[in-house]
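Observations on the model geometry
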Amino acid sequence: MSRKMLAGPYIIWVVGFTVIPLLLIVYYGLTTASGAFTLNNVTAIAQPEHAKALGLALLLSLISTVVCLLLAFPLAMILRNRGVGRGSFVVFLFILPMWMNFLLRTLAWQTLLEKNGVINGILGFLHLPKIAIINTPAAIVLGMVYNFLPFMVLPLYNVLCKIDDNTINAARDLGANFFQTLIRVWIPLSVPGIISGITMVFVPALTTFVISNLLGGSKILLIGNVIEQEFTRSSNWNLGSGLSLVLMVFILISMMLVEKYDKNGEGTAF
Amino acid sequence: MKKRFYAASLAAVLAASALLAGCGSSPSGKSTTGTSDAGEVYVYNWGEYIDEDVIDMFEEETGIHVVYDMFETNEEMYPIIEAGARNYDAVCPSDYMIQKMMENGLLAELNFDNIPNYKEIDPEYIERSKEFDPENKYSVPYTWGTVGILYNTSMVAPEDVPTKWMDLWDEKFKGEILMQDSVRDAFMVAQKALGYSMNTTDETELAAARDLLIQQKPLVQAYVVDQVRDKMIGGEAAIGVIYSGEMLYIQEEVEKLGLDYSLEYVIPEEGTNVWIDSWVIPKNAQNKENAEKWINFLCRPDIAKLNFEYITYATPNKGAFDLLDEELQNNKAVFPDIESLQNCEVFRYLGEEADQMYNEMWKEVKSK
């Protein structure tokens, strides 16, 4: 009995702040402003401007995820090989910026990348050509990679730490070179971490609207921006919810992937 | 029409959670301490839209306890009043939103006997208010301003100085233009450039404005709201669309930073948007008389002057205007001549259907 009681606050939390809101989204997504049933809010994703925004969001978040993975995997390997003490200090350094507000960090990138920004100031001082990536998709990808990289590093680091040194040594003993060890041992054993890292980068990157607003100069419309506008500017909660339902499909797919490859929850971030 | 960027971003973050929570953000409560027998008044105003000392002064003088909440956008305020989630006694929306609230029966008629200081309001603005409050029964003007073009004197050659909206389509300014990132403001620019009314609901006129905006997009550096101010001060762009209310701040900042350029404000000759934010009392107000006392207090010239100095948006209060330094009175960016406002209009609420059309077309511009 007392054990069940312990779950009480959690259940109240989940029901109040996850289940009910989700049901509300489903309700709004499948009704018109007057409350009649409709599928128009969901099928609206096929409208050219919505489809384009979704396509662009998928493309940019895919690029960001790949870049994050390519950056994070070698880093996680280096950290693991450094041993617990020094490795976890570097991990700590990685988490440190996350203590600052996400919005402020993205604003800081704006200041860095601007035409008369910090980076161009330094480049100009060194008589180097200036960069002009602010308000382009490249700046959005940069913002996504910067903001979500820790979410890729941490699960990879955790999963790599669990690989026994003896497994690696055995592969080496049996004559595998570095490349073969990587392909045959490192990567297969870190799949749970890779999958959960991909999910943790891809999902927030797909749904973001702050990064595209701040670093894209509001000139590049992602699906997150469309939904945000429907809620905050157009007061069309029905359409916003309908499009959110479409986005949820992508989130569900990635969760199913995690479920499939990460049965034991090995690849968790913390 | 108060907009502050950081507040807007915060609202964006809140909206992110609202997206999941399926409901809007609740107003952030801020109340001063101390209660009294004179009752209470629930005030709902824009963020940073009052000198906070004024609240204390009001409480001290009347003994009425003020519960003060803030909102970020008209659109955020509206559902809260409509749902009656909290009974506010005095609210300060913009012109078109006042009309929407009035048309939907959300406003109470004011008893002007309780607002003797109403006489301090310049009749010019009461006249202009008729566009959204035809009989002047519901609203008392609080601030007003125009929208115009801001340009950097060192980046714009003297012969290229903008005089009309169409100058924002000049290829010379490619990548140097900052446009407003809100539907009505952006469309206003194109509609005025084409010689249409900014309150048009005609689909062909709107489509023409949309096409003009799409044509402009490659020249635009970014669509922003309040960042126009900081980006222009920082020399990021040569030319931008801005609210006149920001001008005093900009001029002070340019002077303070000792910049080697100045930023000048132009009201385009095709005419522009004149906006008015006014106090209204919702129908479900519980303390209507206290709200009228509140509005009356804000109309007192010395109080209106304090608020003007804090907000820096032009005051429609004649009494307060007379108290200002001559230099400030002659600052044309803050207080433009009435004659220069010939073709100007006030935004009107256009109804649900037209709103949707605007939003749809704006999305088409943004996704191009």
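To keep things clear, this report deals only with the structure shown in the data block. Every value quoted in this text rests on a predicted model; they were computed, and no experiment measured them.

Criteria and cut-off values
- Residues numbered from 1 in each chain as written.
- Chains lettered and ligands numbered in written order.
- Predicted model: local features only at pLDDT ≥ 70, side-chain atom pairs only at ≥ 80, totals over all residues.
- Heavy atoms only, no water.
- 1 Å grid on protein atoms, 1.4 Å probe; cavity = no way out; pocket = protein on both sides within 12 Å on 5 of 7 lines; lining within 4 Å.
- Points joined across faces, edges and corners; volume = space filled by probe spheres on them.
- Nonpolar A, V, L, I, M, F, W, Y, C, P; charged D, E, K, R; others polar.
- Core = buried A, V, L, I, M, F, W, Y, C linked by side-chain atoms within 4.5 Å.
- Buried < 20%, exposed > 50% of the residue type's maximum accessible area, 1.4 Å probe, protein only.
- Domains from an automatic or database assignment.
- Contact = heavy atoms within 4.5 Å.
- Axes fitted to C-alpha atoms, helices over the stretch in contact; angles between N-to-C directions.
- Helix = DSSP H or I, 4+ residues; strand = E, 2+ residues; numbered from the N terminus.
- Left-handed = near helix turned anticlockwise from the far one by under 90°.
- Polar contact = N/O pair within 3.5 Å; in protein donor to acceptor, adjacent residues only side chain to side chain.

Before going further, it helps to spend a moment on empty space enclosed by the protein. Residues and elements named next belong to chain B. This model, assessed by the stated rule, comprises three cavities of 30 Å³ or more. Considered as a void within the structure, the largest cavity measures approximately 120 Å³ in volume. As for the largest cavity, its lining consists of 17 residues, and the residues nearest its centre are P141, Y142, L298, A304 and T315. Counted by class, the lining of the largest cavity contains 13 nonpolar, four polar and no charged residues.

Time to look at the nonpolar core. Judged by nonpolar contacts, the single largest core of 122 residues is most densely connected at W165, L168, M179, F187, W279 and W294 of chain B. The residue makeup of this core includes at least three contributed by each of domain 1 (5–144 + 276–338) and domain 2 (145–273 + 348–367) of chain B. Sequence-distant contacts of M179 of chain B, defined by excluding residues within four places in its chain, comprise L168, A186, V189, L213, Q216, V220, A222, Y223, V224 and V241 of chain B. Counting 54 residues, the second largest nonpolar core, distinct from the first, contains A53, C68, L154 and I194 of chain A.

Attention now goes to the packing of helix α9 (residues 165–173) of chain A against helix α10 (residues 178–189) of chain A. All names here are of chain A. Viewed as axis vectors pointing N to C, α9 and α10 meet at an angle of 150°, and their least axial separation amounts to 10 Å. The element α9 and its partner α10 pack so that their crossing is right-handed. Facing T167, I168, A171 and R172 of α9, the residues of α10 in contact are F178, T181, V185, W186 and L189. Counted by class, the contact of α9 with α10 contains six nonpolar, two polar and one charged residues.

All names here are of chain B. Within the fold, T200 resides in the loop between α6 (183–193) and α7 (203–216). What makes T200 buried here is its relative accessible area of 7%. Here D202 takes part through its backbone nitrogen, which lies 3.1 Å from a polar atom of the side chain of T200. A polar atom in the side chain of T200 sits 2.7 Å from the side chain of E205. Aside from chain neighbours lying at most four places away, what touches T200 is Q191, E205, L350 and Y358.

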